[in-house]
Amino acid sequence: MPKIGEKELKEQLKTEDFSPVYLIYGEESYLKEHYVDKLKNALVGGAFADFNFHQYEGRNTPVSDILHDADIIPMMGGSTFILVHDYPLDKSQKDIDALKEYFADVPETTVIVFWYDSIEVDTKKSGKWKTVENLFAKAGSAVRLDKRTETELARLIVTSAKKRGCTINSDLARYLISVVGSDIQTIFSELEKICAYVGEGEVTKKVIDELAIKSLQARVYDLSKFILRGDSDSAYRVLNTLFAQKEEPIAILSVISSCYVDMYRVKCAKAAGENENELTQYFSYRGREFLIRNAARDCRTVSVNSLRSALDTLAETDEKMKSTSIDKNILLEETIAKLMMARNA
(Lines give C-alpha, C1' and ligand atoms only; values in the text may rest on other atoms or scores of the structure.)
Protein backbone atom coordinates (compact mmCIF):
# COMPACT_ATOMS: atom_id res chain seq x y z
CA MET A 1 0.00 0.00 0.00
CA PRO A 2 1.15 3.61 -0.49
CA LYS A 3 1.92 6.40 1.96
CA ILE A 4 -1.41 7.44 3.40
CA GLY A 5 -2.98 10.06 5.68
CA GLU A 6 -5.72 10.32 8.27
CA LYS A 7 -8.56 9.86 5.76
CA GLU A 8 -7.25 6.55 4.43
CA LEU A 9 -6.46 5.27 7.93
CA LYS A 10 -10.01 6.09 9.05
CA GLU A 11 -11.31 4.07 6.10
CA GLN A 12 -9.16 1.08 7.08
CA LEU A 13 -10.55 1.22 10.61
CA LYS A 14 -14.10 1.51 9.29
CA THR A 15 -13.82 -1.43 6.88
CA GLU A 16 -11.43 -3.41 9.14
CA ASP A 17 -9.16 -3.86 6.14
CA PHE A 18 -5.89 -3.58 8.06
CA SER A 19 -2.34 -3.50 6.77
CA PRO A 20 0.15 -6.04 8.14
CA VAL A 21 2.59 -3.25 9.12
CA TYR A 22 2.24 0.44 9.94
CA LEU A 23 4.66 3.32 10.28
CA ILE A 24 2.87 6.11 12.20
CA TYR A 25 4.73 9.42 12.27
CA GLY A 26 4.30 13.15 11.67
CA GLU A 27 3.85 16.39 13.63
CA GLU A 28 0.58 15.85 15.49
CA SER A 29 1.18 13.88 18.69
CA TYR A 30 -2.48 13.68 19.68
CA LEU A 31 -3.57 12.17 16.36
CA LYS A 32 -0.75 9.63 16.38
CA GLU A 33 -1.62 8.36 19.85
CA HIS A 34 -5.34 8.49 19.04
CA TYR A 35 -5.01 6.23 15.99
CA VAL A 36 -2.56 3.86 17.68
CA ASP A 37 -5.23 3.33 20.35
CA LYS A 38 -7.89 2.89 17.66
CA LEU A 39 -5.82 0.19 15.95
CA LYS A 40 -5.08 -1.55 19.25
CA ASN A 41 -8.75 -1.57 20.31
CA ALA A 42 -9.87 -2.83 16.91
CA LEU A 43 -7.31 -5.64 16.75
CA VAL A 44 -6.80 -6.89 20.32
CA GLY A 45 -9.83 -5.77 22.29
CA GLY A 46 -11.53 -8.24 24.59
CA ALA A 47 -10.58 -10.74 27.27
CA PHE A 48 -7.29 -11.84 25.68
CA ALA A 49 -5.89 -8.37 24.95
CA ASP A 50 -3.07 -8.80 27.52
CA PHE A 51 -1.93 -12.00 25.80
CA ASN A 52 -2.07 -10.72 22.23
CA PHE A 53 -0.69 -7.21 22.77
CA HIS A 54 3.09 -6.66 22.93
CA GLN A 55 4.64 -3.20 23.42
CA TYR A 56 8.28 -2.13 23.25
CA GLU A 57 9.85 1.20 24.18
CA GLY A 58 12.86 2.71 22.43
CA ARG A 59 15.78 0.42 21.75
CA ASN A 60 15.41 -1.63 24.92
CA THR A 61 14.54 -4.75 22.93
CA PRO A 62 16.50 -5.91 19.85
CA VAL A 63 14.57 -6.01 16.58
CA SER A 64 15.27 -9.75 16.38
CA ASP A 65 13.39 -10.32 19.66
CA ILE A 66 10.49 -8.11 18.54
CA LEU A 67 10.12 -10.07 15.32
CA HIS A 68 10.32 -13.33 17.26
CA ASP A 69 7.31 -12.19 19.33
CA ALA A 70 5.53 -11.20 16.12
CA ASP A 71 5.46 -14.90 15.20
CA ILE A 72 3.44 -15.80 18.31
CA ILE A 73 0.02 -17.20 17.41
CA PRO A 74 -2.73 -15.09 19.04
CA MET A 75 -4.89 -16.70 21.69
CA MET A 76 -8.50 -17.46 20.81
CA GLY A 77 -8.19 -16.07 17.30
CA GLY A 78 -7.85 -12.35 16.73
CA SER A 79 -4.48 -10.76 16.05
CA THR A 80 -1.05 -10.49 17.57
CA PHE A 81 -0.51 -6.73 17.88
CA ILE A 82 3.11 -5.54 18.05
CA LEU A 83 3.54 -1.87 19.05
CA VAL A 84 7.05 -0.41 18.89
CA HIS A 85 7.39 3.13 20.24
CA ASP A 86 10.25 5.46 19.21
CA TYR A 87 12.66 2.78 17.99
CA PRO A 88 15.63 4.55 16.29
CA LEU A 89 15.56 2.60 13.04
CA ASP A 90 17.67 5.28 11.35
CA LYS A 91 20.63 4.25 13.52
CA SER A 92 21.01 0.72 12.17
CA GLN A 93 20.95 -0.57 8.61
CA LYS A 94 21.02 -4.07 10.09
CA ASP A 95 17.65 -3.44 11.78
CA ILE A 96 16.18 -2.06 8.55
CA ASP A 97 17.40 -5.13 6.64
CA ALA A 98 15.88 -7.43 9.27
CA LEU A 99 12.51 -5.71 8.92
CA LYS A 100 12.70 -5.85 5.14
CA GLU A 101 13.26 -9.61 5.24
CA TYR A 102 10.45 -10.16 7.77
CA PHE A 103 7.98 -7.90 5.97
CA ALA A 104 8.21 -10.13 2.92
CA ASP A 105 6.15 -12.75 4.78
CA VAL A 106 4.30 -11.32 7.80
CA PRO A 107 1.93 -13.85 9.45
CA GLU A 108 -1.70 -13.21 8.56
CA THR A 109 -2.56 -12.97 12.27
CA THR A 110 0.06 -10.30 13.04
CA VAL A 111 -0.06 -6.51 12.79
CA ILE A 112 3.13 -4.55 13.51
CA VAL A 113 3.05 -0.82 14.32
CA PHE A 114 6.12 1.39 14.62
CA TRP A 115 4.95 4.64 16.27
CA TYR A 116 7.16 7.74 16.49
CA ASP A 117 6.48 10.56 18.91
CA SER A 118 9.61 12.03 20.51
CA ILE A 119 11.83 10.94 17.60
CA GLU A 120 11.40 13.01 14.42
CA VAL A 121 11.03 10.97 11.26
CA ASP A 122 12.53 13.41 8.76
CA THR A 123 12.20 11.79 5.37
CA LYS A 124 13.38 14.91 3.56
CA LYS A 125 16.75 15.27 5.26
CA SER A 126 17.51 11.68 6.21
CA GLY A 127 18.08 9.00 3.60
CA LYS A 128 17.67 6.31 6.25
CA TRP A 129 14.22 7.54 7.27
CA LYS A 130 13.24 7.77 3.61
CA THR A 131 14.25 4.13 3.21
CA VAL A 132 12.19 3.20 6.30
CA GLU A 133 9.17 5.11 4.98
CA ASN A 134 9.38 3.37 1.60
CA LEU A 135 9.80 -0.02 3.30
CA PHE A 136 6.60 0.36 5.33
CA ALA A 137 4.69 1.87 2.41
CA LYS A 138 5.58 -1.11 0.22
CA ALA A 139 4.80 -3.76 2.85
CA GLY A 140 1.81 -2.03 4.47
CA SER A 141 1.03 1.59 5.33
CA ALA A 142 3.24 4.59 6.06
CA VAL A 143 0.85 6.97 7.83
CA ARG A 144 1.91 10.59 8.16
CA LEU A 145 -0.24 12.57 10.61
CA ASP A 146 0.62 16.25 10.45
CA LYS A 147 -1.02 19.22 12.11
CA ARG A 148 -4.43 20.15 10.82
CA THR A 149 -5.02 23.49 9.14
CA GLU A 150 -6.59 26.31 11.11
CA THR A 151 -9.84 25.80 9.20
CA GLU A 152 -9.87 22.09 10.10
CA LEU A 153 -9.12 22.86 13.74
CA ALA A 154 -11.87 25.50 13.87
CA ARG A 155 -14.36 23.01 12.43
CA LEU A 156 -13.24 20.46 15.03
CA ILE A 157 -13.77 22.98 17.84
CA VAL A 158 -17.26 23.87 16.63
CA THR A 159 -18.23 20.19 16.39
CA SER A 160 -16.65 19.29 19.74
CA ALA A 161 -18.42 22.18 21.47
CA LYS A 162 -21.78 20.88 20.20
CA LYS A 163 -20.99 17.43 21.59
CA ARG A 164 -20.33 19.07 24.95
CA GLY A 165 -23.68 20.88 24.85
CA CYS A 166 -22.55 24.43 24.07
CA THR A 167 -22.00 26.46 20.89
CA ILE A 168 -19.13 28.46 19.45
CA ASN A 169 -18.91 30.13 16.05
CA SER A 170 -16.01 29.58 13.66
CA ASP A 171 -14.51 33.04 14.17
CA LEU A 172 -14.28 32.51 17.93
CA ALA A 173 -12.95 29.01 17.32
CA ARG A 174 -10.09 30.58 15.38
CA TYR A 175 -9.61 33.09 18.17
CA LEU A 176 -9.37 30.23 20.68
CA ILE A 177 -6.62 28.67 18.54
CA SER A 178 -4.69 31.95 18.57
CA VAL A 179 -4.94 32.04 22.37
CA VAL A 180 -4.14 28.45 23.37
CA GLY A 181 -2.19 27.26 20.32
CA SER A 182 -2.82 24.54 17.74
CA ASP A 183 -2.06 21.46 19.84
CA ILE A 184 -5.25 19.38 19.70
CA GLN A 185 -4.93 17.97 23.22
CA THR A 186 -4.54 21.48 24.66
CA ILE A 187 -7.53 22.72 22.63
CA PHE A 188 -9.71 19.89 23.94
CA SER A 189 -8.64 20.56 27.54
CA GLU A 190 -9.44 24.28 27.29
CA LEU A 191 -12.70 23.65 25.43
CA GLU A 192 -13.82 21.17 28.09
CA LYS A 193 -13.30 23.81 30.76
CA ILE A 194 -15.03 26.56 28.76
CA CYS A 195 -18.06 24.41 27.88
CA ALA A 196 -18.42 23.30 31.50
CA TYR A 197 -18.55 26.98 32.47
CA VAL A 198 -21.11 28.13 29.87
CA GLY A 199 -23.27 25.00 30.15
CA GLU A 200 -25.75 25.00 27.26
CA GLY A 201 -24.95 28.59 26.38
CA GLU A 202 -22.79 30.23 23.75
CA VAL A 203 -19.04 30.72 24.08
CA THR A 204 -18.07 34.38 23.85
CA LYS A 205 -14.73 36.16 23.45
CA LYS A 206 -15.08 37.40 27.03
CA VAL A 207 -15.35 33.82 28.30
CA ILE A 208 -12.29 32.75 26.30
CA ASP A 209 -10.27 35.69 27.62
CA GLU A 210 -11.30 34.95 31.20
CA LEU A 211 -10.89 31.16 31.21
CA ALA A 212 -8.44 30.02 28.52
CA ILE A 213 -4.81 29.71 29.54
CA LYS A 214 -2.70 31.58 27.02
CA SER A 215 0.14 29.73 25.36
CA LEU A 216 3.65 31.13 25.60
CA GLN A 217 3.29 32.09 21.93
CA ALA A 218 0.18 34.18 22.69
CA ARG A 219 1.70 35.85 25.76
CA VAL A 220 4.89 36.78 23.92
CA TYR A 221 2.79 37.93 20.98
CA ASP A 222 1.18 40.45 23.36
CA LEU A 223 4.67 41.54 24.36
CA SER A 224 5.65 42.06 20.72
CA LYS A 225 2.51 44.11 20.06
CA PHE A 226 3.38 46.47 22.91
CA ILE A 227 6.96 46.81 21.61
CA LEU A 228 5.72 47.77 18.14
CA ARG A 229 3.34 50.32 19.66
CA GLY A 230 6.11 51.82 21.75
CA ASP A 231 4.19 50.99 24.94
CA SER A 232 7.16 50.26 27.20
CA ASP A 233 5.12 50.07 30.43
CA SER A 234 2.88 47.32 29.07
CA ALA A 235 5.78 45.51 27.41
CA TYR A 236 7.80 45.31 30.63
CA ARG A 237 4.72 44.36 32.61
CA VAL A 238 4.20 41.33 30.34
CA LEU A 239 7.92 40.50 30.52
CA ASN A 240 7.92 40.64 34.33
CA THR A 241 4.86 38.38 34.39
CA LEU A 242 6.70 35.87 32.21
CA PHE A 243 9.68 36.03 34.60
CA ALA A 244 7.35 35.47 37.58
CA GLN A 245 5.88 32.42 35.82
CA LYS A 246 9.41 31.00 35.49
CA GLU A 247 9.40 30.97 31.69
CA GLU A 248 12.87 30.34 30.33
CA PRO A 249 14.46 33.53 28.89
CA ILE A 250 15.78 31.60 25.88
CA ALA A 251 12.25 30.33 25.14
CA ILE A 252 10.85 33.87 25.43
CA LEU A 253 13.57 35.19 23.10
CA SER A 254 12.84 32.40 20.62
CA VAL A 255 9.15 33.31 20.41
CA ILE A 256 9.89 37.05 20.10
CA SER A 257 12.28 36.21 17.26
CA SER A 258 9.57 34.10 15.59
CA CYS A 259 7.15 37.05 15.71
CA TYR A 260 9.69 39.29 13.98
CA VAL A 261 10.57 36.59 11.44
CA ASP A 262 6.85 36.28 10.61
CA MET A 263 6.61 40.04 10.03
CA TYR A 264 9.79 40.08 7.93
CA ARG A 265 8.47 37.25 5.74
CA VAL A 266 5.20 39.12 5.20
CA LYS A 267 7.08 42.31 4.25
CA CYS A 268 9.31 40.44 1.82
CA ALA A 269 6.34 38.62 0.30
CA LYS A 270 4.52 41.89 -0.30
CA ALA A 271 7.66 43.47 -1.77
CA ALA A 272 7.82 40.54 -4.21
CA GLY A 273 4.18 41.02 -5.18
CA GLU A 274 3.05 37.89 -3.34
CA ASN A 275 0.01 37.49 -1.10
CA GLU A 276 1.03 36.86 2.51
CA ASN A 277 -1.33 33.86 2.62
CA GLU A 278 0.93 32.11 0.13
CA LEU A 279 3.62 31.96 2.82
CA THR A 280 1.88 28.88 4.22
CA GLN A 281 3.03 27.02 1.11
CA TYR A 282 6.69 27.70 1.85
CA PHE A 283 6.90 27.68 5.64
CA SER A 284 5.48 25.59 8.49
CA TYR A 285 2.32 27.54 9.38
CA ARG A 286 -0.13 24.65 9.11
CA GLY A 287 -2.60 25.00 11.96
CA ARG A 288 -1.06 28.37 12.83
CA GLU A 289 -2.23 30.49 9.91
CA PHE A 290 -3.30 33.16 12.39
CA LEU A 291 0.39 34.02 12.83
CA ILE A 292 0.52 35.28 9.25
CA ARG A 293 -2.64 37.36 9.70
CA ASN A 294 -1.29 38.84 12.92
CA ALA A 295 2.07 39.59 11.33
CA ALA A 296 0.43 41.25 8.30
CA ARG A 297 -1.60 43.50 10.58
CA ASP A 298 1.23 44.41 12.96
CA CYS A 299 3.92 45.19 10.41
CA ARG A 300 1.93 47.71 8.38
CA THR A 301 3.68 50.70 9.92
CA VAL A 302 7.08 49.01 10.34
CA SER A 303 9.74 49.29 7.65
CA VAL A 304 11.82 46.42 6.32
CA ASN A 305 14.95 48.18 7.65
CA SER A 306 13.41 48.33 11.13
CA LEU A 307 12.66 44.62 11.03
CA ARG A 308 16.18 43.81 9.83
CA SER A 309 17.65 45.89 12.66
CA ALA A 310 15.39 44.11 15.16
CA LEU A 311 16.41 40.68 13.84
CA ASP A 312 20.09 41.64 14.17
CA THR A 313 19.44 42.67 17.79
CA LEU A 314 17.65 39.39 18.53
CA ALA A 315 20.46 37.35 16.96
CA GLU A 316 23.05 39.20 19.07
CA THR A 317 21.06 38.54 22.23
CA ASP A 318 20.71 34.86 21.34
CA GLU A 319 24.49 34.58 20.94
CA LYS A 320 25.13 36.33 24.28
CA MET A 321 22.63 34.10 26.10
CA LYS A 322 24.38 31.00 24.82
CA SER A 323 28.00 32.14 25.14
CA THR A 324 28.24 34.45 28.19
CA SER A 325 27.38 34.35 31.89
CA ILE A 326 25.41 37.62 31.78
CA ASP A 327 22.06 37.34 33.55
CA LYS A 328 19.58 36.25 30.86
CA ASN A 329 16.72 38.27 32.33
CA ILE A 330 18.80 41.45 32.13
CA LEU A 331 19.72 40.61 28.54
CA LEU A 332 16.03 40.31 27.68
CA GLU A 333 15.21 43.62 29.36
CA GLU A 334 17.97 45.33 27.36
CA THR A 335 16.73 43.68 24.17
CA ILE A 336 13.22 45.03 24.70
CA ALA A 337 14.67 48.54 24.98
CA LYS A 338 16.70 48.08 21.79
CA LEU A 339 13.65 46.74 19.92
CA MET A 340 11.70 49.80 21.00
CA MET A 341 14.35 52.01 19.41
CA ALA A 342 14.62 49.82 16.30
CA ARG A 343 10.95 50.22 15.43
CA ASN A 344 11.63 53.71 14.06
CA ALA A 345 14.89 52.84 12.34
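The rules behind each value
Residues numbered from 1 in each chain as written. Predicted model: local features only at pLDDT ≥ 70, side-chain atom pairs only at ≥ 80, totals over all residues. Heavy atoms only, no water. Helix = DSSP H or I, 4+ residues; strand = E, 2+ residues; numbered from the N terminus. Buried < 20%, exposed > 50% of the residue type's maximum accessible area, 1.4 Å probe, protein only. Contact = heavy atoms within 4.5 Å. 1 Å grid on protein atoms, 1.4 Å probe; cavity = no way out; pocket = protein on both sides within 12 Å on 5 of 7 lines; lining within 4 Å. Points joined across faces, edges and corners; volume = space filled by probe spheres on them. Nonpolar A, V, L, I, M, F, W, Y, C, P; charged D, E, K, R; others polar. pLDDT = per-residue confidence, 0-100. Polar contact = N/O pair within 3.5 Å; in protein donor to acceptor, adjacent residues only side chain to side chain. Pairing = 2+ DSSP bridges. Axes fitted to C-alpha atoms, helices over the stretch in contact; angles between N-to-C directions. Left-handed = near helix turned anticlockwise from the far one by under 90°. Core = buried A, V, L, I, M, F, W, Y, C linked by side-chain atoms within 4.5 Å.

1. Quick notes on the overall build of the protein
Part 1 of the reasoning: Counting its secondary structure elements, the protein contains 16 helices and 6 strands.
Part 2 of the reasoning: Viewed in the frame of its principal axes, the protein has a C-alpha envelope of about 70 × 50 × 45 Å.
Part 3 of the reasoning: Going through the 345 residues of the protein one by one, you find that 48% of them count as buried.
Part 4 of the reasoning: In the protein, of all internal contacts separated by at least 6 residues, the share reaching a separation of at least 24 is 75%.

2. Describing empty space enclosed by the protein
Part 1 of the reasoning: Counting across every chain of the model gives 3 cavities of 30 Å³ or more.
Part 2 of the reasoning: In this structure, the largest cavity encloses a volume near 80 Å³.
Part 3 of the reasoning: Taken together, Gln217, Tyr221, Ser224, Leu228, Cys259, Asp262, Met263, Leu291, Asn294, Ala295 and Asp298 make up the full set of residues lining the largest cavity.
Part 4 of the reasoning: Going through the elements one at a time, helix H11 (216-229), helix H13 (249-271) and helix H14 (290-298) are the ones with two or more residues in the lining of the largest cavity.
Part 5 of the reasoning: Considering only residue class, the lining of the largest cavity consists of 6 nonpolar, 3 polar and 2 charged.

3. Quick notes on the confidence of the model for the protein
Part 1 of the reasoning: Per-chain confidence: the protein averages 91 in pLDDT, with 99% of residues scoring 70 or above.
Part 2 of the reasoning: Ranking the helices and strands of the protein by mean pLDDT puts strand E2 (residues 21-25) first, with 97, and helix H3 (residues 49-52) last, with 82.

4. Some thoughts on the side chain of serine 92
Part 1 of the reasoning: Within the fold, serine 92 resides in the loop between strand E4 (80-85) and helix H5 (93-103).
Part 2 of the reasoning: Since its relative accessible area comes to 11%, serine 92 is described here as buried.
Part 3 of the reasoning: Only 3.4 Å separates the side chain of serine 92 from the backbone nitrogen of lysine 94, close enough to count as a polar contact.

5. Quick look at the sheet that holds strand E3 (residues 53-57)
Part 1 of the reasoning: Strand order in this open sheet of 6 strands is E1-E6-E2-E5-E4-E3, and the pairing throughout is parallel. Each edge of the sheet is formed by a strand with only one pairing partner; in this case those strands are strand E1 (3-4) and E3.
Part 2 of the reasoning: In this structure, E2 lies alongside strand E5 (residues 110-115), joined through 4 bridges in parallel fashion. By the bridge assignment, leucine 23 is partnered in E5 with phenylalanine 114.
Part 3 of the reasoning: Contacts between helix H2 (residues 29-44) and the sheet are confined to E2, E3, E4 and E5, with E4 contributing the most and set at about 160° to the helix.

6. Some details on unusual backbone geometry
Part 1 of the reasoning: In the Ramachandran plot, glutamate 16 falls in the positive-phi region, its phi being about 60° despite a non-glycine side chain.
Part 2 of the reasoning: The residue glutamate 16 is located in the loop between helix H1 (6-15) and E2 in this model.
Part 3 of the reasoning: Phi at lysine 246 takes a positive value of approximately 65°, unusual for a residue other than glycine.

7. Describing the pairing of strand E6 (residues 141-144)
Part 1 of the reasoning: Pairing of E1 with E6, which is carried by 2 bridges, proceeds in the parallel orientation. Counterpart to isoleucine 4 in the pairing with E6 is valine 143.
Part 2 of the reasoning: Sheet topology note: the E2/E6 ladder contains 4 bridges and is parallel. Looking at E6, one finds that isoleucine 24 is bridged to valine 143.

8. A short note on the packing of helix H7 (residues 150-163) against helix H9 (residues 184-198)
Part 1 of the reasoning: For the pair H7 and H9, the least separation of the axes is 11 Å and the interaxial angle reads 35°. Here H7 runs over H9; the crossing is right-handed. Contacts from Leu153, Leu156, Ile157, Ser160 and Ala161 of H7 reach H9 at Ile184, Ile187, Phe188, Leu191 and Cys195.
Part 2 of the reasoning: The residue inventory of the contact of H7 with H9, partitioned by class, reads 9 nonpolar, 1 polar and no charged.

9. With respect to the nonpolar core
Part 1 of the reasoning: Of all hydrophobic cores here, the largest spans 81 residues; its most connected members are Ile24, Phe81, Val113, Ile208, Leu223, Ile256 and Tyr260.
Part 2 of the reasoning: When residues of this core are assigned to their parent elements, the largest contribution, 8 residues, is made by H13.
Part 3 of the reasoning: When near neighbours in sequence (up to four residues on either side) are disregarded, phenylalanine 81 contacts Val36, Leu39, Lys40, Leu43, Val44, Asn52, Phe53, His54, Val111 and Val113.
Part 4 of the reasoning: Counting residues in each nonpolar core, the second largest holds 27 residues, with Val63, Val84, Phe136 and Ala137 among its members.

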